[in-house]
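Listed here are the chains, written in short residue letters.
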Amino acid sequence: MVCALGAAVCFGTATVLQAVAARAATEGGGGEAALLLRALRQWRYIAGLALDGLGFLLQIVALRSIPIYAVAAALASSLAVTGVVAARLLHVRLSGVEWGAVGVVCAGLAMLGLASGAEGDRAGSAALKWAMLAVAVAVLVLGLVGGRWSGRGRALVLGLGAGFGFGVVEVSVRLIDSLAPSGLLTNPATYALLIGGGAAFLLLTSALQRGSVTTATAGMVIGETLCPAAIGVVWLGDR
C-alpha cells in the first residue's frame, strides 16, 4: 500500500507537469501525434514521464502484493495530489465542492484499505488476456480520433479513455505469469500492457492540452479504478 500511495504521488505530480507542457505545445497545429512530439521537447513533460516511470515501478510492486482494487483506490488519491499541485503550479482555484471531493476520495481510500482482503491467486484465462489486448487497441483508436472533439466534455471523455488504458496496464501486470523472453513474447497481455499504456499517455496528453486538469484526472481515476477492480474480484480471485 505504501508503494501504491507513492505511485499516486508520482502520477498526480506528473499529470500537472504534463499539463503545463501540453499547453505550451499547443501552437503549431497537427494531429495528436504531432502534439505529443512537441510536448516531448518540453522539459516538464520529460520530468513528468520520469515520475510516471517511477510510479509505474511502484505500481507493479503493489499489484504483485495486494488486490487490484486496493491499488486502484490508492492511485485514485492522485486526484488529490493533482488538485494541490495544480493550485500551486497552474494557479488553479479549487472550489469548495472540489476540495470536498478530494476529502471524500481520501476517506474512501482509507475505508477500502482497512476492508481489503487477500490478493487472488487465480491465473487469468487466455480469453481475458485477448480481451485486454482488444480493449488496448480500442483505446488507441480513441486516442487517434479523440483530438478532433470539442466541448466541455472533451477532457472528461479523453481522461476516461486514458483511465481505461491505464486499467488495462493494471490487469495485464497480473496476467503476465512468466518473465522469460519466450513467455513474454507469446503472452497477449504483454502487448496489451504496451499498447494500453502508450494509448493512455496519448489520450491524457490530449485531454490536458485544453481541458481542465482536475476534470481529466477525475475521468482517468474512474476508468482505471472501477473496471480493473471488478476484473480482479470476479476473474482473479481478489477478496
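The following paragraphs examine the structure supplied in this document. Quick caveat, the model's predicted, so the values are computed rather than measured.

**Concerning the overall build of the protein**
Counting its secondary structure elements, the protein contains eleven helices and zero strands. Taken from N to C terminus, the helices and strands of the protein fall in the order α-α-α-α-α-α-α-α-α-α-α. Since a compact globule built from 239 residues should have a radius of gyration of about 18 Å, the 17 Å found for the protein is in line with a globular shape. Seen through its C-alpha atoms, the protein measures out along the principal axes to roughly 45 × 40 × 30 Å. Within the protein, the fraction of its 239 residues that count as buried is 48%. Pairs at least 24 residues apart make up 84% of the contacts formed inside the protein by residues separated by at least 6 positions. Per element, the accessible surface of the protein, about 11000 Å² overall, is 70% carbon and sulfur. In the protein, 15 side chains carry a positive charge and 10 a negative one; their mean positions are 8 Å apart.

**Observations regarding the packing of helix 4 (residues 68-76) against helix 8 (residues 154-175)**
Between helix 4 and helix 8, the least distance of the axes is 11 Å, while the angle of their chain directions is 145°. In the crossing of helix 4 with helix 8, the sense of the turn from one axis to the other is right-handed. Taken together, the residues of helix 8 that come into contact with helix 4 (itself represented by Ile 68, Ala 72 and Leu 75) are Glu 170, Val 171 and Arg 174. Here the residues of the contact of helix 4 with helix 8 sort into four nonpolar, no polar and two charged.

**A closer look at the packing of aromatic side chains**
Applying the stated rule across the entire model yields one aromatic pair. Arranged with centres 5.6 Å apart and planes meeting at 90°, the rings of Phe 166 and Phe 201 form a pair that is edge-to-face. Taken together, the residues span a long stretch of sequence, with Phe 166 in helix 8 and Phe 201 in helix 10 (residues 188-210) at a distance of 35 residues. Classification of Phe 166 by relative accessible area gives buried; the value is 17%. Under the relative-accessibility criterion, Phe 201 is labelled partly exposed at 24%.

**A few points about helix 4**
For helix 4, the buried fraction is high: nine of the nine residues fall into the buried class. Among all positions of helix 4, only Ile 68, Tyr 69, Ala 70, Val 71, Ala 72, Ala 73, Ala 74, Leu 75 and Ala 76 are buried. Tucked into the core, helix 4 has its buried residues touching helix 1 (2-24), helix 3 (43-63), helix 5 (78-89), helix 6 (96-115), helix 8 and helix 11 (213-234).

**Let's talk about the nonpolar core**
Counting residues in each nonpolar core, the largest one holds 30 residues, and the members touching the most others are Val 71, Leu 128, Met 132, Val 171 and Leu 175. Only helix 1, helix 3, helix 4, helix 7 (126-146), helix 8, helix 10 and helix 11 provide two or more residues apiece to this core. When residues of this core are assigned to their parent elements, the largest contribution, seven residues, is made by helix 4. Once residues within four sequence positions are removed from consideration, Val 171 is found in contact with Ile 68, Met 132, Pro 228 and Ile 231.

**Digging into the packing of helix 1 against helix 5**
One way to put it is that helix 1 packs onto helix 5 with a least axis distance of 8 Å and a crossing angle of 40°. By the angle between their directions, the pair helix 1 and helix 5 is classed as oblique. In this structure, helix 1 crosses over helix 5, and the sense of that crossing is right-handed. Contact residues: Ala 8, Val 9, Phe 11, Gly 12, Thr 13, Thr 15, Val 16 and Leu 17 in helix 1; Ser 78, Val 81, Thr 82, Val 85, Ala 86 and Leu 89 in helix 5. Here the residues of the contact of helix 1 with helix 5 are counted per class, giving nine nonpolar, five polar and no charged.

**With respect to the pattern of salt bridges**
Across all of its chains, the model carries two salt bridges by this definition. In this structure, Asp 238 engages Arg 174 in a salt bridge whose closest nitrogen and oxygen atoms are separated by 3.0 Å. Of the two residues, Asp 238 is situated in the segment after helix 11 and Arg 174 in helix 8; the sequence distance between them amounts to 64 residues. For the pair Asp 238 and Arg 174, one class covers both residues: buried.

Calculation criteria
- Residues numbered from 1 in each chain as written.
- Predicted model: local features only at pLDDT ≥ 70, side-chain atom pairs only at ≥ 80, totals over all residues.
- Heavy atoms only, no water.
- Helix = DSSP H or I, 4+ residues; strand = E, 2+ residues; numbered from the N terminus.
- Rg over C-alpha atoms; globule rule 2.2 N^0.38 Å.
- Buried < 20%, exposed > 50% of the residue type's maximum accessible area, 1.4 Å probe, protein only.
- Contact = heavy atoms within 4.5 Å.
- Areas by Shrake-Rupley, 256 points an atom, 1.4 Å probe, with all protein chains shown as cover.
- Lys, Arg positive; Asp, Glu negative; His and termini not counted.
- Charge placed at Lys NZ, Arg CZ, Asp CG, Glu CD.
- Axes fitted to C-alpha atoms, helices over the stretch in contact; angles between N-to-C directions.
- Left-handed = near helix turned anticlockwise from the far one by under 90°.
- Nonpolar A, V, L, I, M, F, W, Y, C, P; charged D, E, K, R; others polar.
- Phe/Tyr/Trp six-rings, centres within 6.5 Å; stacked < 30°, edge-to-face > 60°.
- Core = buried A, V, L, I, M, F, W, Y, C linked by side-chain atoms within 4.5 Å.
- Parallel < 35°, antiparallel > 145°, perpendicular 65-115°, else oblique.
- Salt bridge = Lys/Arg side-chain N within 4 Å of Asp/Glu carboxyl O.

Note that every value here comes from positions in space, so none of it alone points to a role or purpose.
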